[in-house]
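Descriptive analysis of the structure
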Amino acid sequence: MPAEKQTHEKINQKKMLPKTTLAQWQTTFDAINDAVCLLDMNGKILRCNKTMESFLKKSSKEIIGGTCWELVHGTDKPVKGCPIVRMKKTFCRETLVLKVDDKWLNVTVDPVIDETGNLAGAVHIISDITRRKQREEAIKESKERYRGLSEASFEAIFISEKGVCLEQNSTAEKMFGYTLSEAIGRKGVEWIAPEDREMVMNNMLSGYEELYEATALRKDGSTFPAEIQGKMMHYKRRTVRVTALNDITKRKQAEEELRKSEQRFRSIFENIPNIAVQGYDADRKIIFWNQASEKLYGYKKEEAIGNQLEDLIIPFEMRESVIEAVRNWVENGIPIPHGELKLMRKDKTTFPVYSSHVILKNINGELEMYCIDIDMTERKQAEEALLNSEKRLHYLSSQLITAQEKERRRISLELHDEMGQALTAISINIRSIEKELPLDLTPLIKERIAEIYSLADQASEQIRELSHYLRPSMLDDLGLVPTLRWYLDVYRKRTNLDVKYEPINFEERPSPEVETVIYRVVQEALNNIVKHAQAGSVLVRVERKDKEAAVFIKDNGRGFEVNEFLAPDDLKGGIGLLGMQERVSILEGKFSIQSSKGHGTRISVEIPLY
């Protein structure tokens, strides 16, 4: 290097230079950016510049007299490959690149030859090449990353200049069958089917960078659909085109299957009866309108296609909400729920439909919404008729139960008043007759008279019980709470069950209808317990609340499966339960029953007090 040669000359001429010139030389020596020192024959430092002092972080006094291997490497002998040792043998410049800590250094040693041609010393230069090394490493890593990405890519990648291939990746080799040596130097259009070559060549030479499709040609002559995109760039100081080519055979097959599926879908839904199907794009413009839609809404297909959804079948008061719902679905993915709507025909009349919705992507990736509508008019009419029928049946049931209660009351009164009085009269008449008979009656006659007394008493008691069972008069006279207490006392004596009775807040009597229903529910529930439950204890709680009367009946019997017991095709004796439900429902109350095998039964009733 010229600067170094000048330095060497100044060193060789040092003894002949005056002090002024020597000072100037030292100033120049210190201005050098690299660390420079002068060595004697043994490698000891004779002089160093300021950069060397800064590099070693020592003063010149600490440096002079030492060796570079002592000062830089901390060893007492030269390191392996030391350029000073090599220079002594070659009498030529020797270099060494090494890394010290986190720095890369380029070490140069030049010989100093005296007038006789012998080695007089050396010039030792240390240059910090860390930044250069970092740039080289970055370039190397970038190239490796590029090569790795290129080779790992699922796309075939080509680098070409003026349409001629310079390089390809391994994917291109696998995709087309050409090795790298076969590919280099070929025109890029040789990878393209003849019918598309002119288009591809024009795109390559013009620098076209948009994605496009063409038919690719393999080495074996087979073809496949390809998606191509190229970009101009600088590569090894040349302006080249990088082209990425992707085999889209599977995508094309999928698109074809989707197209066929769409055709089948349209064919099916075009002709399906009684199910109206309409298709809309993301802006709510109608793109599909089947025959059932024509029949349901009154618009011909030609009238509907291209019009806005809300302008044809959506009533005015619903339009804003429908527009917002469709926008939310398209933009935010919030689906429109299925359900009943009132939509509008061409003649502006509205009618009920059940509408369900789905969003699909067409073969171009565009969102389309399809609505499937079923006319609910007939069903609504049937439901209305059924509801009216149920109301009539409910009314008839109410009237029947009311008539039944009246008839029970009438029979109960007749039994109690007329039959009871008749039996009492029979007993009195027999006693009168008995007094008139002779005292010497035979034992047989006396026994028969006693039997008549006993039968009359039994009949009277049975009539009294039957009268109370049909309709205890005390329910009308005294109310629900004492009547239930009397009934449960009789029930306890007759069944020997442990019966607990809890009346709560019944100081004020509810209406006679409520009292009758509660009494009958308790009566029927206790009858069922005797017949089926095999229980040991029963709890009956009646409570009057602010707005309702509540009944709770619980036993510890064997229980049963409620669903099986109330199965509509096999009631299994569940008429009593149905009767309780019907009585409660007439008063718009709630009836629930809970039971399972081995865990007893719980009946809850709530009847509004109005």
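In case you missed it, the structure is sitting above this.
Residues numbered from 1 in each chain as written. Predicted model: local features only at pLDDT ≥ 70, side-chain atom pairs only at ≥ 80, totals over all residues. Heavy atoms only, no water.

**Re the environment of Asn-274**
What counts, and what does not: Counting from the N terminus, the helices are the DSSP runs of H or I reaching at least four residues and the strands are the DSSP runs of E reaching at least two. Whether a residue is buried, partly exposed or exposed follows from its accessible area with a 1.4 Å probe, protein chains only, as a fraction of its type maximum: under 20%, in between, or over 50%, in that order. Any pair of residues with heavy atoms lying within 4.5 Å of one another is described as a contacting pair.
If you trace the backbone, Asn-274 turns up in the loop between helix H11 (249–271) and strand E11 (276–281). Taking relative accessible area as the criterion, Asn-274 reaches 59% and is therefore assigned exposed. Separated by 100 residues in sequence, Asn-274 and Ile-374 have C-alpha atoms that sit 6.9 Å apart. Once residues within four sequence positions are removed from consideration, Asn-274 is found in contact with Ala-292, Lys-295 and Asp-373.

**Regarding the packing of helix H19 (residues 480–495) against helix H20 (residues 512–533)**
Test applied: Axis definition: a line fitted to C-alpha atoms, over the contacting stretch in the case of helices. Angles run 0 to 180 degrees between N-to-C directions. Angle categories are assigned with fixed cut-offs, so that under 35 degrees is roughly parallel, over 145 is roughly antiparallel, 65 to 115 is roughly perpendicular, and the rest are oblique. Three categories are distinguished: nonpolar for Ala, Val, Leu, Ile, Met, Phe, Trp, Tyr, Cys and Pro, charged for Asp, Glu, Lys and Arg, and polar for the others, with Gly belonging to the last.
Taken N-terminus to C-terminus, the directions of H19 and H20 make an angle of 10°; their axes are 11 Å apart at the nearest point. One finds that H19 runs roughly parallel with respect to H20. Judged by residue contacts, Leu-480, Thr-483, Leu-484, Trp-486, Tyr-487, Leu-488, Tyr-491 and Thr-495 of H19 engage Glu-515, Ile-518, Tyr-519, Val-522, Gln-523, Leu-526, Asn-527, Ile-529 and Val-530 from H20. In terms of residue class, the contact of H19 with H20 is built from 12 nonpolar, four polar and one charged.

**Considering the environment of Ala-325**
Note on placement: Ala-325 falls in helix H15 (residues 319–332). Its relative accessible area of 27% is what places Ala-325 among the partly exposed residues. Considered as a pair, Ala-325 and Pro-335 are 10 residues apart in the sequence and their alpha carbons are 8.0 Å apart. Apart from residues lying up to four places away in sequence, Ala-325 is in contact with Ile-334 and Ile-336.

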